[in-house]
Amino acid sequence: MRQKNEQLPRHVAIIMDGNGRWAKQHSLAVALGHRKGVETLREIVRYASDVGIEVLSLYAFSTENWRRSKPEVAALMALILEFFRSEIDELHANRVRIRILGDTDALPGLQRDAVHAAEQKTKDNDGLQLNIALNYGSRDEILRAVRALAQQVKNGNLQPEQIDAARFEALLYTAGQPDVDLLIRTSGEYRLSNFLLYQNAYAELMFPEVLWPDFTVQHFAQALADFGKRDRRYGGRAT
Ligand code: IPE
Ligand code: IPE
Ligand code: MG
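Let us look at the structure shown here. (Residues numbered from 1 in each chain as written. Chains lettered and ligands numbered in written order. Predicted model: local features only at pLDDT ≥ 70, side-chain atom pairs only at ≥ 80, totals over all residues. Heavy atoms only, no water.)

Turning our eyes to something else, we now look at the packing of aromatic side chains. All chains considered together, the criterion is met by 12 aromatic pairs. A centroid spacing of 6.0 Å and a plane angle of 80° characterise the contact between Tyr 59 and Tyr 136, whose relative ring orientation is edge-to-face. Pair noted here: Tyr 59 is in strand E2 (residues 55-62) and Tyr 136 is in strand E4 (residues 129-136), with a separation of 77 residues, a long-range link. Given a relative accessible area of 0%, Tyr 136 falls into the buried group. Between Phe 61 and Trp 66, the aromatic rings sit 4.8 Å apart at their centres with planes inclined by 70°, giving edge-to-face as the arrangement. Ring pairing ties together the aromatic residues Tyr 47, Trp 212, Phe 215 and Phe 220, which thus form one cluster. (Phe/Tyr/Trp six-rings, centres within 6.5 Å; stacked < 30°, edge-to-face > 60°. Helix = DSSP H or I, 4+ residues; strand = E, 2+ residues; numbered from the N terminus. Buried < 20%, exposed > 50% of the residue type's maximum accessible area, 1.4 Å probe, protein only.)

Right, let's get into the sheet that holds strand E1 (residues 11-15). Sheets are built from strands paired through backbone hydrogen bonds, the pairs being either parallel or antiparallel. Spatial ordering of the open sheet is given by E3-E4-E2-E1-E5-E6, a layout of six strands whose pairing is parallel. Strands with a single pairing partner mark the edges of an open sheet, and in this sheet they are strand E3 (97-101) and strand E6 (204-206). Pairs of neighbouring strands in the sheet enclose a mean axial angle of 20°, with direction left out of account. Judged from the five bridges that link them, E3 and E4 form a sheet pairing that is parallel. Looking at E4, one finds that Ile 100 is bridged to Ile 132. (Pairing = 2+ DSSP bridges. Axes fitted to C-alpha atoms, helices over the stretch in contact; angles between N-to-C directions.)

A separate point is the environment of Leu 192. Tracing the chain through its elements places Leu 192 in the loop between strand E5 (182-185) and E6. For Leu 192 and Leu 205, which are 13 residues apart along the polypeptide, the C-alpha to C-alpha distance reads 9.8 Å. When neighbours within four sequence positions are excluded, Leu 192 is seen to be in contact with Ile 15, Tyr 59, Leu 183, Arg 185 and Leu 197. (Contact = heavy atoms within 4.5 Å.)

We now examine the pattern of salt bridges. Taken as a whole and judged by the stated rule, the model has 19 salt bridges. A salt bridge links Arg 21 to Glu 189; its shortest N-O distance comes to 3.2 Å. One end of the pair, Arg 21, is in helix H1 (residues 19-25); the other, Glu 189, is in the loop between E5 and E6, and 168 residues separate them in sequence. The class for Arg 21 is partly exposed, based on a relative accessible area of 32%. A salt bridge links Arg 191 to Glu 189; its shortest N-O distance comes to 3.3 Å. We classify Arg 191 as partly exposed; its relative accessible area is 45%. Within this structure, Asp 17, Arg 21, Arg 185, Glu 189 and Arg 191 form a network of salt bridges that share partners. (Salt bridge = Lys/Arg side-chain N within 4 Å of Asp/Glu carboxyl O.)

Quick look at the site of ligand 1 now. The local shell around ligand 1 consists of Met 16, Asp 17, Gly 18, Asn 19, Gly 20, Arg 21, His 34, Ala 60, Asn 65, Arg 68 and Leu 76. With respect to ligand 1, the side chain of Asp 17 contributes an N or O atom lying 2.9 Å from an oxygen atom. Relative to its free-state accessible area of 380 Å², ligand 1 is covered by the protein chains to the extent of 82%. Judged by its atoms lying within 2 Å of the grid points, ligand 1 is housed in the largest pocket. Ranked by residue count, the leading element in the shell around ligand 1 is H1, at three residues. Here the residues of the shell around ligand 1 are counted per class, giving three nonpolar, five polar and three charged. (Near = heavy atom within 4 Å. Polar contact = N/O pair within 3.5 Å; in protein donor to acceptor, adjacent residues only side chain to side chain. Areas by Shrake-Rupley, 256 points an atom, 1.4 Å probe, with all protein chains shown as cover. 1 Å grid on protein atoms, 1.4 Å probe; cavity = no way out; pocket = protein on both sides within 12 Å on 5 of 7 lines; lining within 4 Å. Sits in = over half its atoms within 2 Å of the grid points. Nonpolar A, V, L, I, M, F, W, Y, C, P; charged D, E, K, R; others polar.)

Let us now look at the packing of helix H2 (residues 30-51) against helix H3 (residues 70-93). The interhelical angle for the contact between H2 and H3, taken along N-to-C directions, is 25°, at an axis separation of 10 Å. Viewed along their axes, H2 and H3 adopt a mutual orientation that is roughly parallel. H2 and H3 meet at a crossing whose hand is right-handed. Two secondary-structure elements touch here, H2 through Val 30, Ala 31, His 34, Arg 35, Val 38, Leu 41, Arg 42, Val 45 and Arg 46 and H3 through Glu 72, Ala 75, Leu 76, Leu 79, Glu 82, Phe 83, Glu 87, Glu 90 and Leu 91. Its residues placed into classes, the contact of H2 with H3 shows 10 nonpolar, one polar and seven charged. (Parallel < 35°, antiparallel > 145°, perpendicular 65-115°, else oblique. Left-handed = near helix turned anticlockwise from the far one by under 90°.)

In structure tokens form, the structure reads like this:
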């Protein structure tokens, strides 16, 4: 277990990538790769909650993932439902607060109801803030915020000069939460794939080669330790 006094990121974001390749490596159907990925997710959430991370954002389904085959999308949607149904009681008992990042209107009805119920049930919890990005796209998020601001200007409730970072950030799905400090993408892909582009402005980036189903709490602990050694300058001079 980590020492409490080590520097811990407040907000960790994870692009959970590599389920498909893991399934292929094991000659299994892709759905079984995703299923194994959910097991990893469960352990990482528990660990993040135990060590006192404030916000954990997990990329579960992007606005682009609808391009996958019908059976794969169906398998992912089934897993999402299963996850919320089976985990909600334990998460709630651990005081985890769930927030969905993304456009839930476009989710199938059962999934939409399950995620809204989870948000509602856990909304007053004071533990780990768990963001699950579902039908999430960063460009879509930014455009929504821009549209909402334009509407306020049009209605005469806002002057263009009054648009500042605080007003803009209040319209993002992550409103009220700190920027991402540490972004991890597994599987050796070095891209953001439309995840939290605004919030990652000064994040430290890590790209472990391991596939998501093989990612363990030891890998996660190592990433947190490595984060403590990074020198964050925000455009200033090293001290
Ligand atoms: C990430 O694993 C999970 C989702 C995108 C839902 P992938 O399914 O993208 O795995 P690879 O990239 O094909 O290995
Ligand atoms: C990003 O992974 C989305 C999630 C992990 C949910 P992808 O596998 O969809 O991203 P690309 O297509 O490799 O960029
Ligand atoms: Mg992938």
